[in-house]
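Summary of the model geometry
This is what each chain is made of:
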Amino acid sequence: MAKLEIHLFPCLDDNYGVLVHDAETGMTASIDAPDADDVREALAEKGWKLTHILTTHHHHDHTGGNAELKAETASTIIGPKGEAAKIPGLDKAVGEGDTFQFGGREVQVLETPGHTLGHITYYIPSENVAFAGDTLFALGCGRVFEGTPEMMHASLQKLAALPGATTVYCGHEYTAANAKFALTIEPENEELQARMKVIERLRASGKPTVPTTIGAELATNPFLRAHIPAIQQRLSMKGAPDWQVFAEIRERKNRG
Ligand code: ZN
Ligand code: FE
């Protein structure tokens with residue numbers, strides 16, 4: 001079986017759209033639909049026909065294209081059970097532990113609440129890829145709008161437990177600002193310093209910093225590193241529960 005083809009493209013101000021295509025069956029899924037025009041354009045560019053929309057959460061910058069795209073393509077919209085009433089055009093509501101088939105692969109649903117209460121992540125183990133919406137960003141995480149810091153921390157830990165080689169697509173290009181902040185939390189992290197240089201180079205040439213991998217995030221993303229003694233020390237929180245350390249890091253990022 002050939003690998004799924006994945007096409008990432010910028011949408012709106014700083015969102016990413018992602019198309020996932022299986023050449024064998026011709027199926028194409030849009031991970032979220034930030035904007036109908038942008039998704040349509042990306043489909044045309046690739047010559048793919050939309051069959052599915054996989055929604056991560058209800059925010060408009062992730063669902064704004066649902067209604068129009070569904071009307072045009074009769075695509076099936078799959079989305080989070082926990083916020084089903086807020087997902088335009090939803091056909092199939094899914095939650096923790098649910099699986100479904102896409103192009104002959106099993107897609108697993110992980111509930112990753114915190115940014116919103118129903119937020120889900122789509123994980124395809126056979127392709128080593130996850131679509132994390134606004135839960136995990138490269139060097140960052142989503143704002144905790146609807147849930148609690150403890151809840152968001154647990155969701156991030158769930159993603160952190162995926163194999164290190166897992167490729168992660170996220171909903172926004174926030175990486176440069178995230179990197180700057182990460183260095184205030186962990187200035188001595190050499191992998192983070194090196195990653196900062198790569199990010200600066202990519203952004204200077206207008207290239208995306210997404211996708212990332214679980215392994216890279218474990219080594220450099222402060223929001224996955226609340227257990228690291230050097231970070232606890234810097235925050236004067238030695239021995240505090242990890243979720244509280246996480247909450248403090250999130251607080252500081254909100255203020256920054
Ligand atoms: Zn969002
Ligand atoms: Fe968003």
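The sections below set out a description of the structure shown in this document. As the structure is a computational prediction, the values presented were derived from the model and not from experiment.

What counts and what doesn't
- Residues numbered from 1 in each chain as written.
- Chains lettered and ligands numbered in written order.
- Predicted model: local features only at pLDDT ≥ 70, side-chain atom pairs only at ≥ 80, totals over all residues.
- Heavy atoms only, no water.
- Helix = DSSP H or I, 4+ residues; strand = E, 2+ residues; numbered from the N terminus.
- Buried < 20%, exposed > 50% of the residue type's maximum accessible area, 1.4 Å probe, protein only.
- Donors = N, O, S within 2.8 Å, 3.2 Å for Na, K, Ca; no water.
- Tetrahedral: all angles 85-135°; square planar, octahedral: opposite > 155°, others 65-115°.
- Salt bridge = Lys/Arg side-chain N within 4 Å of Asp/Glu carboxyl O.

Here we come to the environment of Glu72. Inspection of the secondary structure puts Glu72 in helix α3 (residues 66-73). You can call Glu72 partly exposed: its relative accessible area is 44%. Taking the C-alpha atoms as reference, Glu72 lies 9.9 Å from Arg40; in sequence the two are 32 residues apart.

In this section: the coordination of the iron ion (ligand 2). At this site the iron ion (ligand 2) is bound by Asp61 (OD), His62 (NE2), Asp134 (OD) and His172 (NE2), with donor distances of 2.1 to 2.4 Å. Note that the iron ion (ligand 2) binds four donor atoms; their angles at the metal cover 85 to 171°, and the shape is irregular. Within one chain, the residues serving as donors to the iron ion (ligand 2) are arranged as D-H-x71-D-x37-H. A separation of 3.0 Å is found between the iron ion (ligand 2) and the zinc ion (ligand 1), which share Asp134 as a coordinating residue. Here His62 is found in helix α2 (residues 60-63), whereas its partner His172 is found in the loop between β13 (167-169) and α5 (175-185), with 110 residues between them in sequence. His172 matches His62 in its accessibility class, with the two residues each being buried.

Any two side chains of opposite charge can pair if their charged atoms end up close together. For the coordinates displayed, the defined rule picks out 13 salt bridges. Among the salt bridges present, the one from Arg105 reaches Glu127, with a minimum N-O distance of 2.9 Å. Highlighted residues: Arg105 in strand β8 (residues 105-111) and Glu127 in the loop between β9 (120-124) and β10 (129-131), separated in sequence by 22 residues. Judged on exposure class, the residue Arg105 and its partner Glu127 are both buried. A salt bridge links Glu186 to Arg225; its shortest N-O distance comes to 2.7 Å. One end of the pair, Glu186, is in the loop between α5 and α6 (190-204); the other, Arg225, is in the loop between α7 (214-220) and α8 (229-234), and 39 residues separate them in sequence. For the pair shown, Glu186 and Arg225 are each scored as buried. Here the salt bridges share partners, and the residues they tie into one network are Lys3, Asp22, Arg105 and Glu127.

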